[in-house]
Structures are given as structure tokens and as C-alpha cells.
Amino acid sequence: MVGADDMTGENHIRKQRDELSIPSGLHVTCVEPLSSHMMSTAVLERFRNDGELVALPVVDDQMRPLGLVTRRKTLSVFGHKFSHELNRRKSVDILMEDQAVILDVHTGIEQVSQAMTARDEQCVFDPAIMVCDGSYCGLLSVITVLRAITGIRLERAFDSNPLTHLPGNNIINREIDMRLQAQASFVLAYIDLDYFKVFNDHYGYERGDRVIQLVAGILRQSGAAGDFIGHIGGDDFVMLLAPSEWRLRLERVLQSFQRQSLLLYDASDRQCGYLVGENRQGDRMQFSLMSLSIAVVECEGGVFQSHVEVAEVAGEVKHKAKLVAGNSIVVNQRRY
């Protein structure tokens with residue numbers, strides 16, 4: 001429909017999809033697009049000949065999407081007396097919807113869902129047009145997005161930490177791998193509590209749980225759209241942040257924790273500024289009040305291949321961060 005060349009039409013789309021990394025759980029349907037030069041009556045015939053077609057994308061000569069044509073609007077335009085004769089010389093433009101959603105295939109599923117549900121009710125169930133590097137590669141249906149979100153929520157329910165309700169290791173690893181495969185730049189922050197065991201031994205598990213919940217709450221409040229927050233386990237957390245302004249946001253995390261964590265100590269211990277406990281050798285000594293050590297790994301597109309590599313580097317940086325007294329942010333200095 002778009003052209004006779006092997007690199008146009010459906011062959012072009014299939015080749016692109018073979019080379020794409022589609023977001024986990026999303027299935028993009030290969031639908032041959034309409035040319036922007038096509039007549040509206042030819043579009044009507046295509047819908048009549050295929051009863052399963054719900055919508056068709058319209059593209060230019062470079063396979064860039066221009067809009068979406070739906071069965072609903074097409075039948076509406078041609079549903080009046082004399083409409084066939086009036087519109088037979090008009091192009092596909094008269095059939096295109098006003099609220100077509102065009103998204104990159106690497107867009108996160110939450111952002112996909114928000115874009116598709118933000119439309120008016122009459123077109124909320126229309127598929128989204130998916131592109132890669134600006135070129136059309138398929139259609140994404142609403143039911144596919146709903147099924148993917150349901151699957152993710154079920155997985156999170158099974159894998160989430162029961163204390164903080166944050167995603168656990170399996171989802172954390174999958175999220176990192178998905179971003180790496182998409183060659184998206186992001187910042188991984190590995191957050192670890194200092195002297196938590198001493199606090200836990202001194203005050204008991206109930207107050208220790210409150211510390212873990214406090215950290216989880218602070219991280220949630222510091223997160224922005226597109227960020228990911230996970231609970232590795234115990235007193236270890238992870239954040240995946242956008243490359244811009246990540247340091248400012250992590251500094252706010254440290255400030256909030258320093259201020260709020262003090263309220264979990266007894267007044268006498270706050271005044272002393274330390275707790276007495278046992279070290280790993282069983283010797284009693286003074287320990288500073290709790291602080292946070294944050295190890296930062298800046299992940300640029302194409303540098304790391306899997307979450308395993310990122311975790312190894314983050315572990316090394318975390319060790320250095322733990323050597324710094326008090327709250328700290330230590331950034332990976334390796335060059336690749």
C-alpha cells in the first residue's frame with residue numbers, strides 16, 4: 001500500500017520489529033500503513049474487505065506517522081446519503097482522528113498507559129502508533145497495555161517486600177535490564193543504612209521496621225515520573241533516576257533522613273549522639289547515629305550489558321561509600 005520497494009510497507013515494518021527491543025509485556029501488532037496520498041474511498045474498501053481491522057496508521061514517504069484512521073470515523077464519514085460521491089476525490093486526510101497517540105517503542109508502560117487513557121472517551125480505545133527512531137513500526141492496542149499492566153501488578157504483588165511494598169529483586173533486575181537493552185541513560189543509586197544493626201539491637205525489631213519504612217517513604221517522596229524505586233532487602237534500597245538533577249534529589253534524601261531519623265531515637269540518645277553496642281568481634285563500643293551511604297553508578301547507553309555488571313560496580317562503590325563518615329554520596333569513577 002505504501003510502495004512497491006522491499007524496504008517499504010509490511011516488509012520494512014517486519015524488519016524494523018526484528019531489530020527492536022519492545023518493552024516487556026507489550027506486543028506491537030504489524031499493520032500495513034496507509035500512504036498519505038491514498039484516496040478516502042480506497043481506505044473505506046480496505047475496512048470493508050477486512051472486518052477485523054479497527055484502525056490504520058497513515059505515514060509519509062519516509063514511513064513517519066502522520067495520524068490514525070479508525071473504522072469508527074471512516075464509517076461515520078461514509079454513512080450519509082451521497083457521502084461516497086462527495087468524498088471519492090478526497091484524500092485520507094478527511095478520515096484522520098484528532099487525538100492520535102504516537103509513542104516510541106522504548107516508552108515505559110506507565111507512560112504508555114497515561115498517554116492512551118488521557119484521550120476523550122470516544123477514542124480512548126483506539127490503538128497507539130509505535131515508532132522507532134521516528135519511523136512507524138506497528139500498532140499497540142489498549143487491551144495489550146491493560147494485560148501487561150495486570151501482569152506487572154501481579155508480579156509485583158508476589159515479589160514486593162512485605163514491609164515496604166516496594167518491588168523486590170526480580171523486578172529490580174528486570175527493570176535494569178529493560179533500560180540497558182533500550183540503551184537508555186539512567187543513574188542507579190544504591191542506598192544502604194549505616195549502623196542500622198546497632199539501632200535494631202538497641203531498640204528492637206519493631207522500631208527497626210519503622211526505620212526501614214521511613215527510608216522507603218523518603219525515597220517515594222523523592223521520586224519523579226519515570227523513576228523506579230526498589231527494596232533489595234533488609235536495609236538496602238535502589239533507585240533508578242533520570243540523568244538530570246539526580247544529585248540534588250539524592251542530597252534531599254539525605255537531608256530528609258538526617259532530620260526524620262533523629263525522631264526515632266530516645267531523647268537521651270539523641271543528646272549523646274551515639275549508641276553503645278557490640279562490634280563484629282563482640283567488643284562493646286560507641287557507634288554513631290544512623291546515616292545513609294549512597295553509591296551512584298551513571299549508566300550510559302551501551303556501557304553495561306546486564307544488571308549483573310551494574311550490580312558488581314555498585315557493590316564496589318558502596319564499599320567506598322561505607323568508609324565515609326556520616327551521610328555520603330560516592331559516584332563511580334571508572335571510565336569505559
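Residues numbered from 1 in each chain as written. Predicted model: local features only at pLDDT ≥ 70, side-chain atom pairs only at ≥ 80, totals over all residues. Heavy atoms only, no water.

Novice: An account of the overall build of the chain is needed here, citing residue identities and associated values.
Specialist: From N to C terminus, the chain includes twelve helices and 13 strands. By the compact-globule yardstick of 20 Å for 336 residues, the chain is too spread out, its C-alpha radius of gyration being 27 Å. Oriented by its inertia axes, the alpha-carbon framework of the chain measures out at about 95 × 40 × 30 Å. Once local pairs closer than 6 in sequence are excluded, the contacts in the chain between residues at least 24 apart make up 65%. Within the structure as shown, the chain displays about 17,900 Å² of accessible surface, and the carbon and sulfur contribution to it stands at 49%. (Helix = DSSP H or I, 4+ residues; strand = E, 2+ residues; numbered from the N terminus. Rg over C-alpha atoms; globule rule 2.2 N^0.38 Å. Contact = heavy atoms within 4.5 Å. Areas by Shrake-Rupley, 256 points an atom, 1.4 Å probe, with all protein chains shown as cover.)

Novice: Run through the packing of aromatic side chains, naming residues and quoting values.
Specialist: Here a ring pair, both rings aromatic, is described through the centre-centre distance and the interplanar angle of the planes. Taken as a whole and judged by the stated rule, the model has four aromatic pairs. Between Tyr203 and Tyr265, the aromatic rings sit 6.0 Å apart at their centres with planes inclined by 80°, giving edge-to-face as the arrangement. With Tyr203 in helix H8 (residues 196–203) and Tyr265 in the loop between helix H10 (246–261) and helix H11 (267–272), this residue pair connects regions lying 62 residues apart in the sequence. For the pair formed by Tyr203 and Tyr265, the shared burial category is buried. Taken together through their ring pairs, the aromatic side chains of Phe199, Tyr203 and Tyr265 make up a single cluster. Residue placement shows Arg179 over the ring face of Phe186; its charged tip is 5.9 Å from the ring centre. (Phe/Tyr/Trp six-rings, centres within 6.5 Å; stacked < 30°, edge-to-face > 60°. Buried < 20%, exposed > 50% of the residue type's maximum accessible area, 1.4 Å probe, protein only. Lys NZ or Arg CZ within 6 Å of the ring centre and 35° of its normal.)

Novice: Lay out helix H12 (residues 307–322) in plain terms, naming residues and giving numbers.
Specialist: For H12, with 16 residues, the first-to-last C-alpha span of 22 Å sits near the 22 Å given by 1.5 Å per residue. Residues of H12 that are buried: Val310, Val313, Ala314, Val317, Lys318 and Ala321. Buried residues in H12, looked at end-on, bunch into an arc of 145°, giving them a common side. Turned more than 90 degrees off the buried face of H12, the exposed positions are Glu312 and His319. (Expected span 1.5 Å × (residues − 1). Arc of directions from axis to C-beta.)

Novice: How would you summarise the packing of helix H9 (residues 205–222) against H10 if you had to cite specific residues and measurements?
Specialist: The geometry of H9 relative to H10 is characterised by a closest axis approach of 10 Å and an angle of 145° between their N-to-C directions. H10 is crossed by H9, and the crossing has right-handed handedness. On H10, the residues touching Leu214, Val215, Ile218, Leu219 and Ser222 of H9 are Arg249, Val253, Ser256, Phe257, Gln260 and Ser261. (Axes fitted to C-alpha atoms, helices over the stretch in contact; angles between N-to-C directions. Left-handed = near helix turned anticlockwise from the far one by under 90°.)

Novice: Got a sec to walk through the nonpolar core? Specific residues and values, please.
Specialist: Core analysis: the biggest nonpolar cluster contains 36 residues, and Leu193 and Leu250 have the highest contact counts within it. Contributing elements (two or more residues each) for this core: strand S7 (186–194), H8, H9, strand S9 (236–241), H10, strand S12 (291–299) and strand S13 (328–331). Examining the composition of this core, we find that seven residues originate from one element, H9, more than from any other. Residues contacting Leu250, with those up to four places away along its chain left out, are Ala189, Met239, Leu241, Ile294, Val296 and Ile329. Membership of the second largest hydrophobic core comes to 21 residues, among which are Ala55, Met63, Phe78 and Val92. (Core = buried A, V, L, I, M, F, W, Y, C linked by side-chain atoms within 4.5 Å.)

Novice: Go over the sheet that holds strand S5 (residues 128–132) with me, naming the residues and quoting the values.
Specialist: Spatially, S4-S5-S6 is the arrangement adopted by the three strands of the open sheet, whose pairing is mixed. If you trace the sheet from one side to the other, it starts and ends with strand S4 (102–104) and strand S6 (135–140), each paired once. Across the sheet, the axes of successive neighbouring strands diverge by a mean angle of 35°, strand direction being ignored. Two strands pair when backbone bridges link them, and S5 and S6 are joined in this way by five bridges, in the antiparallel orientation. Bridge assignment links Met130 to a residue of S6, and that residue is Gly138. (Pairing = 2+ DSSP bridges.)

Novice: Give me the lowdown on the pairing of strand S11 (residues 284–288), citing residues and values where you can.
Specialist: As paired elements, strand S10 (residues 274–278) and S11 share five bridges and run antiparallel to each other. Across the sheet, the residue bridging to Tyr274 is Ser288, located in S11. Between S10 and S11, which follow one another and run antiparallel, lie five residues, and Gly282 among them has a positive phi close to 90°.

Bear in mind that shape data such as this cannot, by itself, settle questions of function.
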